[in-house]
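Breakdown of the fold
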Amino acid sequence: MAPREIARSLRGLAASLLALLPAASAGAGEPFSFAGGSIRLGAEASGTLSGPDRAYFNYTDYERSNLRIFRLNLDLEVTAGPHFAFVGEVRSDNFASPRPYALYVRVHPWTSRSFDVQAGRIPPVFGSYARRRYAADNPLPGMPLAYQYLTTLRADALPSAADELWERRGSGWLVRYPIGAPNFGPGMPLVNAERWDAGVEVKVGSDPVELTAALTQGTLSHPRIEDDNGGKQLSARLAWRPVVGLALAFSGARGQYVAREATDALPPAARGPLRQHAAGFDAEYAAGYWILRAEAVWSGWDIPPIAGTPKRRLDALGLMLEARYKVAPGFYVAGRADHLGFSRLDTASRSFDWDAPVTRLEIGVGYSILRNLLVKAAYQHNHRDGGRIHGRDFLAGQAVLWF
Amino acid sequence: MLLGPLAVAGPQAGAGRGPMGSIRGRVDVKREPPPIEPRPAVASLGMPALRAVPDRKRSVVYLATAPQGAFEDAERPRAVLDQRNQAFVPYVLAIRAGTTVEFPNRDRTYHNVFSFSKAKRFDLGRYAGGLSRSVNFDEPGVVRVFCEIHSHMSAFILVFAHRYFATTDAEGRYRIDEVPPGTYTVVAWNDGEARETRTVRIPESGGPVELDFVIE
């Protein structure tokens, strides 16, 4: 980002926060509500600054770094009695045109039973982080690697040989392959927390066991509003809360991820459904001033036969541990340790991880100036075993205002 | 108006020095404050649980100028602010400085009571149903209390330097007893603000004085 753009972002951030502050602080963080509370409007504005990321460790696509972004979310919930709600969220990043992030209808058929159906652009059921991705819910400015880091795999372009994967290790922010889309484009994360999928989901139960399942257009890596391959994804999460404060959950997902643009370029025999398979475990324990979280995400992507290896699937495993401790009213320290590893490919000339493993450590502090005005500062260390740049450290600051 | 004027001493206080009076009446809150709503639950996988709606019409009536000697009470009382059905009960709690307030969690979920108010900044951490934590409020002022987990949960604790205050009941009635003869400024406070201020005189002969408030 050029200095002029940074200055513009800072001005915009300041102006937006100042404009929102009187309304937000007057209500002490309460949303605007109309029609007796049937219509509720909330917002979250966050600005994050850090040094340039020439290694693209924190990019969520080629243009957006998670550590250099101003984001404004506007949330709307309209309830029609106890059975129906309409929920939407629009989001603007760096003052770009707002985009719908969520837009769905919620149906709660029986008030006495824990059973809900949601349809539209819906929150993901897989894992935990994607639903608490909001800056106010994230103790640190950074994101877990499994939900943000761009691997070298694309949904609309495929490699034709294992050596192409070797050559592109660690360059997932902008990658190109010979099969499918001819342009350069960003790779996919294991789970895309920046975009929600479209479909229908069902939740059954609440305490101590909750089951959610979803049928969606895209996959975890490649959420879609419109179908681009004729396939659907089935995902589910089973959560168990044995005692108050402890939640353990297992997730799974399976769906066709490769776009028609790429499969049409394959020989007919290789066009079989190419799916993303995923499994996850997440845990949270909270007590007193502590919150401890752990999350593991495994993802396997089917690939067509490629030269140099008999492998038909590329695997990745993301592991994350996170802790937050309040040291004083409104003041906390937090840390996250994160690793992303990839399966090996053996060719005649070499044996290698198909993408470069990444390790991230992030520690930081947060201070609530008001109930709904939070500032954070963090140090983030990244190491990548491959690519053009192997390591980068960042100092990041973030301000979050919500109501 | 905040609670600062509570430190101002007025007429001489003291039981046994003569007949005492009382101030009683009704606070009629005409305004209809909307229920405190949670933030839109965009990332929720289902309809949020039903919750209790706090009574935002409850008011506090207090003397802005308290009698001399009213601040010498060495009593260390206790009070309770419940967390029940995802609401603080009562929504408004009026106490004397020095009071210890218990915050029992009567829900099945975690709650995390905190306040960033100038008069008292505290955070009780997360604790489960059936457990309680307490805080001593030693400074007069208005303390806004929240739950970190449930954005719609909030309450007010009004901490007074004297005992000349009363919280209205469900019908809006209040009564402040044992008020020495003299002229006082009386304030009706509702939902975060001192809404109306009146002057009242307790005669030398004591007895009840009626004082009603209407808050539009």
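Since the structure is predicted, the reported quantities are computational estimates derived from the model, not experimental observations.

So, on to the interface of chain A and chain B. Size of an interface: often given as the accessible area lost when the parts come together. Counting residues at the interface gives 39 residues for chain A, matched by 28 residues for chain B. Where the side of chain A that touches chain B is concerned, the elements lending two or more residues are β2 (39-50), β3 (69-80), β4 (84-93), β5 (99-107), β9 (198-204), β13 (275-287) and β19 (358-370) of chain A. Looking at the side of chain A that touches chain B, its residues break down into 14 nonpolar, eleven polar and 14 charged.

This part takes up the pairing of strand β10 (residues 111-116) of chain B. Residue and element names in this part refer to chain B. Of all six residues making up β10, six are buried, and the element is well covered by its neighbours. By the alternation rule, side chains of β10 split into H111, V113 and S115 and N112, F114 and F116, which are all buried. Relative to strand β11 (residues 121-127), β10 runs antiparallel, the two sharing five bridges. What sits directly across from N112, in β11, is R126. Remark: four residues form the turn of the hairpin made by β10 and β11, two consecutive strands paired antiparallel. Bridge count for β10 against strand β13 (residues 141-147) is two bridges, and the pairing is antiparallel. Bridge assignment links F114 to a residue of β13, and that residue is F146.

Let's shift gears to the nonpolar core. Counting 58 residues, the largest nonpolar core has A146, Y147, L158, V191 and V258 of chain A as the members making the most contacts within it. Secondary structure elements with two or more residues in this core: β4, β5, α2 (145-148), β7 (157-158), α3 (162-168), β14 (290-302), β15 (313-328) and β16 (331-342) of chain A. When neighbours within four sequence positions are excluded, V191 of chain A is seen to be in contact with F126, G127, A130, A146, Y147, L220, S221 and V297 of chain A. Membership of the second largest hydrophobic core comes to 53 residues, among which are L93, A94, V113 and Y184 of chain B.

This part is about the sheet that holds strand β15 (residues 165-167) of chain B. Residues and elements named next belong to chain B. Within the open sheet, the four strands sit side by side as β15-β3-β17-β18. Their pairing is antiparallel. Of all strands in the sheet, those bounded by a partner on one side alone are β15 and β18 (193-202). The average angle at which neighbouring strand axes cross in this sheet is 20 degrees, direction not considered.

Right, let's talk about the confidence of the model for chain B for a bit. Residue and element names in this part refer to chain B. Averaged over chain B, the pLDDT score is 88; the fraction of residues at 70 or greater is 89%. At the level of individual helices and strands, chain B shows its lowest average pLDDT in strand β1 (residues 9-12), which scores 54, and its highest in strand β9 (residues 99-104), which scores 98. Here the complex is predicted with pTM 0.90, and the ipTM for its interfaces comes to 0.87.

Rules and cut-offs
Every chain begins its residue count from 1, and numbering advances along the sequence as written. The naming scheme follows written order: chains are lettered A onward, ligands numbered 1 onward. Restriction of local features to residues with pLDDT of at least 70 applies here, the model being predicted, together with a cutoff of 80 or more for giving and counting side-chain atom pairs; totals for whole chains, interfaces and linings are based on all residues. Distance between backbone-placed C-beta atoms decides contact: two residues are in contact if it is within 7 Å. To qualify as a helix, a DSSP run of H or I must reach at least 4 residues; to qualify as a strand, a run of E must reach at least 2; elements of each kind are numbered from the N terminus. Think of it as three bins: nonpolar holds Ala, Val, Leu, Ile, Met, Phe, Trp, Tyr, Cys and Pro, charged holds Asp, Glu, Lys and Arg, and polar takes everything else, Gly as well. Buried means a residue has 20 or more other C-beta atoms within 10 Å of its own C-beta, exposed means 12 or fewer, and partly exposed covers the counts in between; C-beta atoms are placed from the backbone. At least two DSSP bridges between two strands are needed for those strands to be called paired. When buried Ala, Val, Leu, Ile, Met, Phe, Trp, Tyr and Cys residues are joined through C-beta atoms within 7 Å, the set is termed a nonpolar core. Simply put, an axis is a line fit to the C-alpha atoms, just over the touching stretch for a helix, and the angle between two N-to-C directions goes from 0 to 180 degrees. Each residue gets a pLDDT score, which is the predictor's confidence in that residue and runs from 0 to 100.

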